[in-house]
Amino acid sequence: MKHLQYGLAALVLTANLAMAPARADGPGVTADTITLGSWSALTGPFAVYGVPGVAGQTAFYGKLNAEGGINGRKIRVITEDHAYNPQQAVAAARKLVNRDKVLAIQGAYGTGPSAAAFPYLQQEGAPFVMPYAGALDWYEPPRPLIVGAQTLLDYQARAVGRWAGKDGHKNVAVVHAAVAAYEKVASNVGPGVKSAIPDATVTMVPVKLGTTDYAPIALELAGKTPDAVVFIGTMQELVALAKELKQQKVKTSLYTYGGNVANDLITLGGEAVEGLRSVSLTLPVNSDAPAVAAYREALAKFAPNEKPDYGSLLTYALAMVTAEAIRNAGEPLTRESLMTGFNTLKDFDTGIIGKVTVTPERHLGTTEVIPVEIKGGQWATAGTFVDALSNW
Amino acid sequence: MHDLLPVIAAGIVSGSAYALLALGIVIIFRSTDTVNFAIGDMATLGVYIAVTAIGFGVPVAGGLLIAIVVAGGTGVLTERFLIRPLGAGHKSLFIALVVTIGLGLVIHAALGAIWGHRPTTIPAIIPGTASVFGVALTWNKIVATGIALAAMALVAWFFRFTPMGVAMRASAEDHFAARIVGINPGRIAAIAWFLGCGLAAIAAFFLAMDTSVNANLTLAALFRAFAGVFLGGLTSMPGAAIGGFAIGILDNLAGRYLSANYRDTIVFAVIVAVLFVRPSGFLGAGRKERV
C-alpha cells in the first residue's frame, strides 16, 4: 500500500512537471508573439518627425516578420500618440505597460515626453530601449533599464564644431535657438572648434525659437563676417537663415547637426542650402550600402506612404539593434534577459548607423557620426563614421 | 546703425503680412463683433487647396485666387452656420470667440490628417532678388508688399466710396439702425467675412512662398498681426494696417539692434507702453457707454 502511495505521488509529480511551462517568459511574450510598446508624435507640429520615425520601425518589423520573426515569434509593436505632450506620454506608458503588458518600450520618440514617463517605467521595471530621442542624463550615469544608440545632440554639436575648426574656420558664429535644451547643445560647438584651432573665436548668437523672419539676424551676421556659421535649431529656421544669408550675399560656410539632416531641408532650402555640411547619424538614404537598400525596399513595402528619409532610416536601424538584443537574450525572454541581450552587444553593425557596443557601464551604444554635405541637391558622405567625442 | 534703412525696409516687407492679417481681423470684428481666431487656419486651408491645384497644373497666380476664394468661402460658411445662430449680445460674443478657437483647432488637425505633416513649397511668382536701400529682398516679398498695399487701398476705396462699403460701415456703427434703413446685416456679414479671410489668404500665400506650406504657416504671423491690431486699434482699419507694418519694423529693429532672442518681448513692451497711454490704440475709437 505504501509503495502504491509513493508510486502515485511520483506519477502526479511527473505529470505536473510535464504540464508545467517549459519557460517563464516575461510580459508581452507568448509562444508566437513578442509585443513591444512605443510612442511618438503622430499629430501636432512634431508629427513631421514622429510619423516617419514610426514608419521606420514598421518597415523593419514588417520585413523581420515576413522573414519568420525571431525564434519563431513575430514582433508586434503597439504605438501610442503623445502629440509631444509629456502628460500624454505618461498616459501612453501606463496603457502600454499596465493594459497591453508589453515587454519593453522601443523606438519611442521625443526626449521631453519620454523623460516624463521614466518614473512610471522604473516603478514597473519596464525597459526603455533604442529611443528616437536622448539626453546626457539618460546615460550618464547609466540607468539599468534605459539603453539607446542615438548619438547625443551634445556630441553631434561638438563633432560639427570640430569639423568647422578642421576646415580652418577661425571665426565661427553659433546661431542657436534660445531655449535651455538648444543652448546646452550649442555650448558644445565652441569646445569642438577649439579642439582643432585653440585660438579660434566662437560667438554665440541666440535667436528666439520659432523665428520666421531671419533678415535682422542675417544683417547682423553680415556685419560680423564669420568664416563659418553653425546652426543649432529647427530645420525650418535653418532654411530661413540659409535663404537670408544667400539673399544678403553673406559669404560664409554653413554647418548644422543631425537633427536637420533630412530631404525636406533640400526641398525647402533649394540652392540656399547647397554646400551645407552636417554630421549625420546614418548613411545617406540614397546610399548603395546593402542595409540602406534593404531599408528602402522594406519601407516601400510596409510603410508605402513614407518616402525614404533620415528619420525613418534611423528608427529602422534602432529597431534592428533591438531585434539583435532579443536574439541575444535567448530563452526564456524576459525583461531581465532582454537587458542582458543589450548588454552583450559588441560592435554590432547595422550597416546604417555607427557600430553599437553596450555594456552594463555604457548604455549609450554609439557615439559615432558621419560627416555629410549637400552636393548637387543631394546629401552625400564626406568621410566615414567617426567617434564624435574623439579628435577625429 | 549704418544699416538702419535696410532693416526698416526688411521690416516693412515682413509687416505686409501682419498688416493684411490685421486688416482681415478688423474687418470681421467691425461687421460682426467677432474676433476670428480661426482666420489663420482658414487662410492656411486655402493655401493647401491652392497647392493641390497647382500640383494639377494650375498656374501659381491662379493658385493665389483659389486660396482667396477657399478662405473667403470658409469664412462665409463659418459666419452663416456657426456665428450667426449664436445671435447678438455680450454672451454670444464670448461664445463666438470660443467657437472660432475651436474651429481653428479642427482645421489645423484636418490639415495634418489630409495633407500630412511634412512641409512643402510653392514656387515664387517672380524668382530672384532686388536691392532696396541696400538690403536684398526677394521679388516675392516685394510683390507681396505691393499686393498688400494695393489690397489695403482697394479695401479703403470699397468702404469709403461704394454703396455696399458705406452700408457695411453703417452696419458696423449701429446694427439696429442699419436694419431700419433697409441694410441686410446677413449680407454685410457674409461680405465682411469673405473679405477678411480672403485678405488673410493673400498673406498666408506669400508667407508660404517665402517659407514653406505647413499647418503652422500663419502661427507666428497671426501673433504679430494681433499685436498690430491692438497697436493700431481694434476698430480702425487704417490703424490695423499701420499697426501691422509698425510691428514688422519694430520686430526687425529689435532683432537687429537689441536682441534676436528678446525681439518679441521688446515689441510687446512697446505695445504695452502705447496702450498704457492710448488704451484704444493709435487710431481706435474709445468706447463710451451710458450707464
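Residues numbered from 1 in each chain as written. Chains lettered and ligands numbered in written order. Predicted model: local features only at pLDDT ≥ 70, side-chain atom pairs only at ≥ 80, totals over all residues.

Per an unreviewed UniProt entry, chain B goes by the name Amino acid/amide ABC transporter membrane protein 1 (HAAT family) and belongs to Chelatococcus asaccharovorans. Turning to chain B, the UniProt record has this under Subcellular location (unreviewed entry): "Cell membrane". (UniProt positions renumbered as here; feature names shortened; annotations may be inferred.)

Under the annotation held in an unreviewed UniProt entry, chain A carries the name Amino acid/amide ABC transporter substrate-binding protein (HAAT family) and is attributed to Chelatococcus asaccharovorans.

Asker: Whenever I open this one, the overall build of chain B confuses me. Can you help?
Answerer: Each helix and strand counted, chain B has eleven helices and two strands in total. Helices and strands appear in chain B in the N-to-C order α-α-α-α-β-β-α-α-α-α-α-α-α. Its C-alpha atoms give chain B a radius of gyration of 19 Å, within 12% of the compact-globule value 19 Å for 291 residues. Each principal axis of the C-alpha distribution contributes one length, and for chain B these read about 55 × 50 × 35 Å. When each of the 291 residues of chain B is scored for burial, the buried share is 52%. (Helix = DSSP H or I, 4+ residues; strand = E, 2+ residues; numbered from the N terminus. Rg over C-alpha atoms; globule rule 2.2 N^0.38 Å. Buried ≥ 20, exposed ≤ 12 C-beta atoms within 10 Å, placed from the backbone.)

Asker: What is the right way to look at the pairing of strand β2 (residues 74–81) of chain A in this model?
Answerer: Side chains on a regular strand alternate between the two faces of the sheet. Residue and element names in this part refer to chain A. Of the pairings in the sheet, the one linking strand β1 (residues 33–40) to β2 comprises eight bridges and is parallel in character. Looking at the pairing, Trp-39 lines up with Glu-80 of β2. As for the winding sense of the linkage, the β-α-β connection from β1 through helix α2 (residues 47–66) to β2 is right-handed. (Pairing = 2+ DSSP bridges. Right-handed = clockwise from strand over helix to strand, strands pointing away.)

Asker: Would you mind going over the nonpolar core with me for this structure?
Answerer: Inside soluble globular proteins, nonpolar side chains tend to come together where they are buried. Leu21(B), Leu23(B), Val47(B), Ala200(B) and Ala203(B) are the most contacted members of the largest nonpolar core, which totals 222 residues. Here this core takes 20 residues from helix α8 (residues 185–210) of chain B, the largest share from any one element. Among the domains, domain 1 (33–150 + 287–361) and domain 2 (154–280 + 372–387) of chain A are the pair contributing at least three residues each to this core. Not counting chain neighbours up to four residues away, the residues in contact with Leu21(B) comprise Ile39(B), Ala200(B), Ala203(B), Ala221(B), Leu222(B), Ala225(B) and Gly244(B). (Core = buried A, V, L, I, M, F, W, Y, C linked by C-beta atoms within 7 Å. Domains from an automatic or database assignment. Contact = placed C-beta atoms within 7 Å.)

Asker: For this particular structure, what's the right way to read the interface of chain B and chain A?
Answerer: Many descriptions give the size of an interface as the accessible area lost when the pieces come together. On the side of chain A, 26 residues touch chain B, which itself brings 26 residues to the contact. If you list the elements that add at least two residues to the side of chain B that touches chain A, you get α1 (4–32), α4 (90–115), β2 (135–138), α10 (237–258) and α11 (263–277) of chain B. Looking at the side of chain B that touches chain A, its residues break down into eight nonpolar, twelve polar and six charged. (Nonpolar A, V, L, I, M, F, W, Y, C, P; charged D, E, K, R; others polar.)

Asker: Would you mind showing me how to read the UniProt feature "transmembrane region" (unreviewed entry) in chain B here?
Answerer: Residue and element names in this part refer to chain B. The sites that carry the UniProt feature "transmembrane region" (unreviewed entry) are, in the present numbering, residues 7–29, 49–72, 93–115, 121–139, 146–168, 188–209, 221–246 and 266–285. For residues 93–115, helix accounts for 100% and strand for 0%, while the C-alpha atoms at its two ends are 33 Å apart. The span residues 221–246 is 85% helical and 0% strand by assignment, and the distance between its end C-alpha atoms comes to 13 Å.

Asker: Mind showing me how you'd approach the UniProt feature "domain: Leucine-binding protein" (unreviewed entry) in chain A here?
Answerer: As annotated in UniProt, the feature "domain: Leucine-binding protein" (unreviewed entry) corresponds to residues 33–377 of chain A in the numbering used here. Here residues 33–377 of chain A is 44% helix and 17% strand, with 43 Å between the C-alpha atoms at its ends.

Asker: I keep staring at the domain arrangement of chain A and nothing clicks. Help me out?
Answerer: Residue and element names in this part refer to chain A. Examined at the domain level, chain A breaks down into domain 1 (33–150 + 287–361) and domain 2 (154–280 + 372–387). A separation of 29 Å is found between the C-alpha centroids of domain 1 and domain 2. Each partner contributes residues to the interface: domain 1 has five residues there, and domain 2 has six residues. A per-class count over the side of domain 1 that touches domain 2 returns two nonpolar, two polar and one charged.

Asker: In this structure, what is going on with the packing of helix α9 (residues 215–224) of chain A against helix α10 (residues 235–247) of chain A? I would like to understand it.
Answerer: Angle between the axes and distance between the axes: these two values describe a pair of packed helices. Residue and element names in this part refer to chain A. Put simply, α9 and α10 touch, their axes get as near as 9 Å, and they point 50° apart. Of the possible angle classes, the one that applies to α9 and α10 is oblique. Along this stretch, α9 crosses α10, giving a crossing that reads as right-handed. Of α10, the residues touching α9 (which contributes Ala-215, Ile-217, Ala-218 and Leu-221) are Leu-241, Glu-244 and Leu-245. Considering only residue class, the contact of α9 with α10 consists of six nonpolar, no polar and one charged. (Axes fitted to C-alpha atoms, helices over the stretch in contact; angles between N-to-C directions. Parallel < 35°, antiparallel > 145°, perpendicular 65-115°, else oblique. Left-handed = near helix turned anticlockwise from the far one by under 90°.)

Asker: Before we go on, may I ask you to explain unusual backbone geometry in this structure?
Answerer: Outside of glycine, negative phi angles account for most residues, and trans bonds account for most peptide bonds. Residues and elements named next belong to chain A. Here Glu-140 and Pro-141 are connected by a cis peptide whose omega angle stands at 0°. Relative to the helices and strands, Pro-141 is located in the loop between α5 (136–139) and β5 (146–147). At the junction of Glu-331 and Pro-332, the peptide bond is cis and its omega measures out at -10° in the coordinates. Mapping Pro-332 onto the fold places it in the loop between α13 (310–329) and α14 (335–343). The phi dihedral of Lys-101 falls on the positive side, at around 55°, and the residue is not glycine.

Asker: Teacher, can you tell me more about the packing of helix α5 (residues 139–161) of chain B against helix α6 (residues 163–173) of chain B here?
Answerer: Residue and element names in this part refer to chain B. The interhelical angle for the contact between α5 and α6, taken along N-to-C directions, is 80°, at an axis separation of 5 Å. On the basis of their axis angle, the class for α5 and α6 is roughly perpendicular. Across from Phe-158, Phe-159, Arg-160 and Phe-161 in α5, the residues of α6 making contact are Gly-165, Met-168 and Arg-169.

Asker: Looking at this structure, how should I read α2(A)?
Answerer: Because each turn of an α-helix spans 3.6 residues, side chains separated by three or four positions in sequence point in the same direction. Residue and element names in this part refer to chain A. An ideal rise of 1.5 Å per residue puts 28 Å on 20 residues; α2 measures up with 28 Å between its terminal C-alpha atoms. Of all 20 residues that make up α2, 15 are buried, and the element is covered over most of its length. Within two residues after α2, Gly-68 carries a phi angle of roughly 115°, on the positive side. (Expected span 1.5 Å × (residues − 1).)

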